[in-house]
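Structural overview
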Amino acid sequence: MADVTSMKCACADCLCIVSLKDAIAKNGQYYCSEVCANGHVNGSGCGHTGCKCAAG
């Protein structure tokens, strides 16, 4: 069986796939950025090309 090395960011609206070694771990979830991990408190998106999380 292969080990999981990457997964979708835990932010529901985010489209990013994040490497587990580079992810921001918070409350047992893995995020692509501090912005996603902190729930987009300022309404900004993660900033990754093509992703529009928290844009609306």
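The sections below set out a description of the structure shown in this document. (Residues numbered from 1 in each chain as written. Predicted model: local features only at pLDDT ≥ 70, side-chain atom pairs only at ≥ 80, totals over all residues. Heavy atoms only, no water.)

Things to note about the nonpolar core
Formally: Here the nonpolar core consists of buried residues drawn from Ala, Val, Leu, Ile, Met, Phe, Trp, Tyr and Cys, with membership extended through side-chain atoms lying within 4.5 Å. In this scheme, a residue with accessible area under 20% of its type's maximum is buried, one over 50% is exposed, and one in between is partly exposed, where area comes from a 1.4 Å probe on protein chains only. Every residue pair with non-hydrogen atoms within 4.5 Å of one another is taken to be in contact.
Ranked by size, the top nonpolar core spans 13 residues in total, and within it Cys9, Cys14, Cys32, Cys36 and Cys46 carry the most contacts. Sequence-distant contacts of cysteine 36, that is, excluding residues within four places in its chain, are made with Cys9, Cys11, Cys14, Tyr31, Cys46 and Cys53.

Comments concerning the state of the cysteines
Put simply, the rule reads: The disulfide criterion used throughout: a pair of cysteine sulfur atoms within 2.5 Å.
The full count for this structure, using the stated rule, is zero disulfides. In this structure cysteine 11 is not part of a disulfide, and its nearest cysteine sulfur, from cysteine 36, lies 4.0 Å away. In this structure cysteine 51 is not part of a disulfide, and its nearest cysteine sulfur, from cysteine 14, lies 3.6 Å away. Residue classification places cysteine 51 among the buried positions, given a relative accessible area of 13%.

Re the environment of methionine 7
What counts is decided by this rule: The secondary structure listing takes helices from DSSP runs of H or I that are at least 4 residues long and strands from runs of E that are at least 2 residues long, numbered from the N terminus.
Among the secondary structure elements, methionine 7 is positioned in strand S1 (residues 6-8). According to the relative accessible area criterion, methionine 7 is partly exposed, its value standing at 35%. In the structure, methionine 7 is positioned 43 residues away from glycine 50 in sequence and 17 Å away in space, judged by C-alpha atoms. Those residues in contact with methionine 7 that lie beyond four places of it in its chain are Cys16, Ile17, Val18, Leu20 and Tyr30.

Quick notes on the side chain of histidine 40
One can find histidine 40 in the segment after helix H1 (34-37). We classify histidine 40 as buried; its relative accessible area is 14%.

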